[in-house]
Amino acid sequence: MSEEPRRALLASPTQAARAAEERLRAAYDFVPVEQANMIIALGGDGFMLQTLHSMLEGHRIMPVFGMNLGTVGFLMNEWRLERLEQRIEAAKPFKVNPLRMTVDTVDGERFSIPAINEVSLLRETRQTAKLEVHVNGRTALSELVCDGVLVATPAGSTAYNLSAHGPILPLGSGLVALTPISPFRPRRWRGAILPESTAIRFTVLDPVKRPVSAVADQREVRDVAQVEVQIDRGTPLTLLFDPEHTLDDRIAAEQFIA
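Residues numbered from 1 in each chain as written. Predicted model: local features only at pLDDT ≥ 70, side-chain atom pairs only at ≥ 80, totals over all residues. Heavy atoms only, no water.

Looking up the protein chain in an unreviewed UniProt entry gives the name NAD kinase, with the organism given as Sphingobium tyrosinilyticum.

Student: Explain the pattern of salt bridges here, please?
Tutor: One side chain can pair with another of opposite charge once the charged atoms of both are near each other. This model, assessed by the stated rule, comprises 13 salt bridges. Note that arginine 219 and glutamate 57 form a salt bridge whose closest N and O atoms lie 3.4 Å from each other. With arginine 219 in strand E15 (residues 219-221) and glutamate 57 in helix H2 (residues 45-58), this residue pair connects regions lying 162 residues apart in the sequence. Accessibility expressed as a relative area gives 47% for glutamate 57, which makes it partly exposed. Put simply, arginine 222 and glutamate 124 hold a salt bridge, and the shortest N to O gap is 3.4 Å. (Salt bridge = Lys/Arg side-chain N within 4 Å of Asp/Glu carboxyl O. Helix = DSSP H or I, 4+ residues; strand = E, 2+ residues; numbered from the N terminus. Buried < 20%, exposed > 50% of the residue type's maximum accessible area, 1.4 Å probe, protein only.)

Student: Where do I start with the sheet that holds strand E6 (residues 110-115) in this structure?
Tutor: Adjacent strands of a sheet pair through backbone hydrogen bonds, lying either parallel or antiparallel. Within the open sheet, the 6 strands sit side by side as E6-E5-E16-E13-E8-E9. Their pairing is antiparallel. The two strands at the open ends of the sheet, each matched to only one other strand, are E6 and strand E9 (138-146). Neighbour-to-neighbour, the strand axes of this sheet turn through a mean angle of 20°, independent of strand direction. (Pairing = 2+ DSSP bridges. Axes fitted to C-alpha atoms, helices over the stretch in contact; angles between N-to-C directions.)

Student: Looking at this structure, how should I read the environment of alanine 140?
Tutor: Note that alanine 140 resides in strand E9. Distance in space between the C-alpha atoms of alanine 140 and isoleucine 200 is 9.7 Å, their sequence separation being 60 residues. With near-sequence residues (within four places) excluded, alanine 140 lies in contact with Val133, His134 and Val135. (Contact = heavy atoms within 4.5 Å.)

Student: Explain the side chain of aspartate 232 to me, please; I cannot follow it from the model alone.
Tutor: Structurally, aspartate 232 is set in the loop between strand E16 (224-231) and strand E17 (237-241). Owing to a relative accessible area of 18%, aspartate 232 belongs among the buried residues under this scheme. Sequence-distant contacts of aspartate 232, defined by excluding residues within four places in its chain, comprise Asn97, Pro98, Leu99 and Arg100.

Below, the structure written as structure tokens:
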């Protein structure tokens, strides 16, 4: 017998999300997050990422059904007050494996941070970044001169990665995108599509003169010396979508938008 759903309701601090939260609480029963086995999230993609990161930090993972009260809402379902229970019962689950960014700074500190969309390395000053790129322990690029570089998951491939002219990756493809940001040298290098089992390491060349920051979704570490990025299969996340408008359909549709 499946466990009885115990839903928690979370909303972003926007006026629209708070108003929707009030209407939902008047129409349905919810429990505190600590007692829940699933989450209803009201907001935009940023709030969805915040909700997923909170679960990863708290080491308590549960499915999330998001409803869009933001702008893009790529990771969200349409906002509707009616038939919430039936929608959740019919929802299609999608597993998303986050990235794990391990950072060593110039000062010798180490950080380990998850990312659902992408890990980005970005120059901190007007000086371009100079990076050495290693793939599975092999030097793939001895010097990448650029504004930055990112590693994106399929779920994040239509976000910053797409804006940087990276490829759109189908959900479930088992791939990650390695995409340069405004590359100067090698001038013709446009990135790579790699198996998600790939271990990627970036070494910052001349990190004092050309400082670089590393960003995992919305969390930044400055003045980095080395960054390792790999898919974390130990903490899969589950997003729930209405069957008529699922995440893989959205990712496929993005490839036909001019």
